[in-house]
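One letter stands for each residue in the lines below.
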Amino acid sequence: AIRYLYYVSRTLLRHLTRSVSHGPIMQFKLSDIGEGIMEVVVKEWYVKEGDKVSQFDSICEVQSDKASVTITSRYDGVIRRLHYAADDTALVGKPLVDIETDTGPEVAQEEDVVETPAMSREEHTHQEIKGHKTQATPAVRRLALENNIKLSEVVGTGKDGRILKEDILNFLAKQTGAILPPSPFHETRESQRPKEVQPASLPASLPASLPARPQPVLSSQDVTEPLKGFHRAMMKTMTAALKIPHFGLCDEVDLSRLAALRSDLRGISEARGVKLSYMPFFIKAASLGLLHFPVLNASLDEASQNITYKAAHNIGLAMDTSQGLLVPNVKNVQLLSVFEIARELNRLQVLGSSGQLGTSDLTGGTFTLSNIGSIGGTYAKPVILPPEVAIGALGKIQILPRFDSNGELVKAHILNVSWSADHRVIDGATMCRFSNLWRQYLENPASMVLDLK
Ligand code: COA
């Protein structure tokens, strides 16, 4: 009898569903994202089966090896089927979601998805709120949602009243009493700490660092899971990297003068809305050095037949993010001031911490620095990121006793650097001369001023 009741209710439900259906069911397939990406991980669904969606509504966020992408709807309709659960791997060319459209049977059964790379979500999207259209990008809508802010209550300062991230953050600031700096890089990470009141002098948008000690895991059985997303990318890249014969060189750098200079400039930079760590100086000094040693800012083709000397100094920085190791790069460092590098670094950190780094930030690097010292550790053995040919790992800056030029014992800020170079194209002497120059710039930071453009 129970089986019969179940059968009758299912049949009724199916009949009812059919009788309220408005139009054809569109099966959206995940189309090509580019960069040779064949699969993505579904990070988060913004809809569930039965939800009504409008054109440009965000449907889900997917993560490829290289970028986070928001999938948005092209049609008004009702979500009928999600083909994957969160964390599943979705394949390019396979159905992602079925939407029953409102537009009637004249709509062609075409397959479509609209993909918006995380870094360029600037298209207008539309959200129906209390009978009027509110314009905001998916990222802004999510920021509002995460902070329980109704978009209808926010005054948009963008074109045609469009609501910008700043509008949400200012709204939030008014609620919490926080003062936001005039930084152009307010990003979504702030949304994860909505009720915190930030000190007025610090960039509010910078992420908190990842926990130094994750929660302990005690398990009664082994757990096996597939490598996905960025972990899979790391597996592939690092396997390829170890085909490169690595030459290693380590040195010690006295950052005492740089430490003093940074503390002088920090306040000025923060007043301009940008946090100033040591990294922008390390990056700028590397770029100044690369001008003299272009072979270190080069790439070797796969057949190892040609070397390309890169014009742009796109300096990558290994970043410890919630998704694991990512290496976004600061583009055209040869043209940037230390302040501009710091600002770009702030932006990348915010995006990295909220899983929002886009393809453009993660590709095109020409040389890498890995500041493992910001986590701890004195020495490292960095692995080259192909097709690049050199990388530097920076240890923890420590205050240690050293002798100054007068033979006096002083407290010095000491940094250990470990370089790895592709020994097929770079000899040890070149790596060492570059390292010397980089060290000189940092030990005597005023000398950088002479070479700044
Ligand atoms: N030694 C001591 N202190 C350091 C340091 C070092 N090597 N590097 C940074 N710090 C300090 C900074 O100066 C800052 O202190 P402050 O608040 O007094 O200014 C603090 O640590 C936090 O700095 P951070 O926010 O990490 O900024 P950053 O610009 O120095 O570094 C990243 C940015 C992205 C490189 C860093 O956050 C990161 O992710 N590091 C890990 C890299 C990694 O995983 N490497 C291994 C790859 S295999």
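Just so it is clear, the model here is predicted, and its values are computed rather than measured.

Novice: Account for the packing of aromatic side chains, naming residues and giving values.
Specialist: In the structure shown here, the tally under the stated rule is seven aromatic pairs. Here the aromatic rings of Trp 419 and Phe 434 are separated by 5.2 Å at their centres, their planes lie at 75°, and the arrangement is edge-to-face. With Trp 419 in strand β22 (residues 409–422) and Phe 434 in helix α9 (residues 428–443), this residue pair connects regions lying 15 residues apart in the sequence. An aromatic cluster is defined as three or more aromatic residues linked by ring pairs; in this entry it consists of Tyr 278, Phe 282, Phe 293, Phe 367, Trp 419, Phe 434 and Trp 438. Above the ring of Tyr 278, the side-chain terminus of Arg 262 is found at 4.3 Å from the ring centroid. Positioned above the aromatic ring of Phe 339, the side-chain terminus of Arg 272 is 3.9 Å from the ring centre.

Novice: Requested: an account of the pattern of salt bridges, with residues and values cited.
Specialist: Under the defined criterion, the tally for this structure stands at ten salt bridges. When the shortest N-O distance is used, the salt bridge between Arg 402 and Glu 252 registers 2.8 Å. Of this pair, Arg 402 sits in strand β21 (residues 398–403) while Glu 252 sits in strand β12 (residues 246–254); the two residues are 150 residues apart in sequence, bridging distant segments of the chain. A salt bridge links Arg 266 to Glu 270; the shortest N-O distance between them is 3.9 Å.

Novice: Give a detailed account of helix α5 (residues 256–271), specifying residues and quantitative values.
Specialist: Owing to its 3.6 residues per turn, the α-helix aligns residues three or four sequence positions apart on the same side. Here α5 spans 24 Å end to end across 16 residues, near enough to the 22 Å set by a 1.5 Å rise per residue. Along α5, the sharpest change in direction is near 35° and occurs at Leu 265. For α5, the set of buried residues is Leu 258, Ala 259, Arg 262, Ser 269 and Glu 270. Lining the buried residues of α5 we find α6 (279–292), α7 (338–353), β22 and α9.

Novice: How would you summarise the environment of Ser 219 if you had to cite specific residues and measurements?
Specialist: Residue placement: Ser 219 occurs in the loop between α3 (165–176) and α4 (229–241). When its relative accessible area of 44% is taken as the criterion, Ser 219 is described as partly exposed. A polar contact of 2.8 Å, which involves the side chain of Ser 219, links it to the backbone oxygen of Gln 221.

Novice: Got a sec to walk through the packing of α6 against α7? Specific residues and values, please.
Specialist: Closest axis-to-axis distance for the α6/α7 pair is 9 Å, and the angle between their directions is 120°. Taken as axis vectors, α6 and α7 run oblique relative to one another. Both α6 and α7 take part in a crossing whose hand is right-handed. Contacts between α6 and α7 involve Met 279, Pro 280, Phe 281, Ile 283 and Lys 284 on the former and, on the latter, Val 338, Ile 341, Ala 342 and Leu 345.

Analysis parameters
- Residues numbered from 1 in each chain as written.
- Predicted model: local features only at pLDDT ≥ 70, side-chain atom pairs only at ≥ 80, totals over all residues.
- Heavy atoms only, no water.
- Phe/Tyr/Trp six-rings, centres within 6.5 Å; stacked < 30°, edge-to-face > 60°.
- Helix = DSSP H or I, 4+ residues; strand = E, 2+ residues; numbered from the N terminus.
- Lys NZ or Arg CZ within 6 Å of the ring centre and 35° of its normal.
- Salt bridge = Lys/Arg side-chain N within 4 Å of Asp/Glu carboxyl O.
- Expected span 1.5 Å × (residues − 1).
- Bend = angle between axes of the 7 residues up to and from the residue.
- Buried < 20%, exposed > 50% of the residue type's maximum accessible area, 1.4 Å probe, protein only.
- Contact = heavy atoms within 4.5 Å.
- Polar contact = N/O pair within 3.5 Å; in protein donor to acceptor, adjacent residues only side chain to side chain.
- Axes fitted to C-alpha atoms, helices over the stretch in contact; angles between N-to-C directions.
- Parallel < 35°, antiparallel > 145°, perpendicular 65-115°, else oblique.
- Left-handed = near helix turned anticlockwise from the far one by under 90°.

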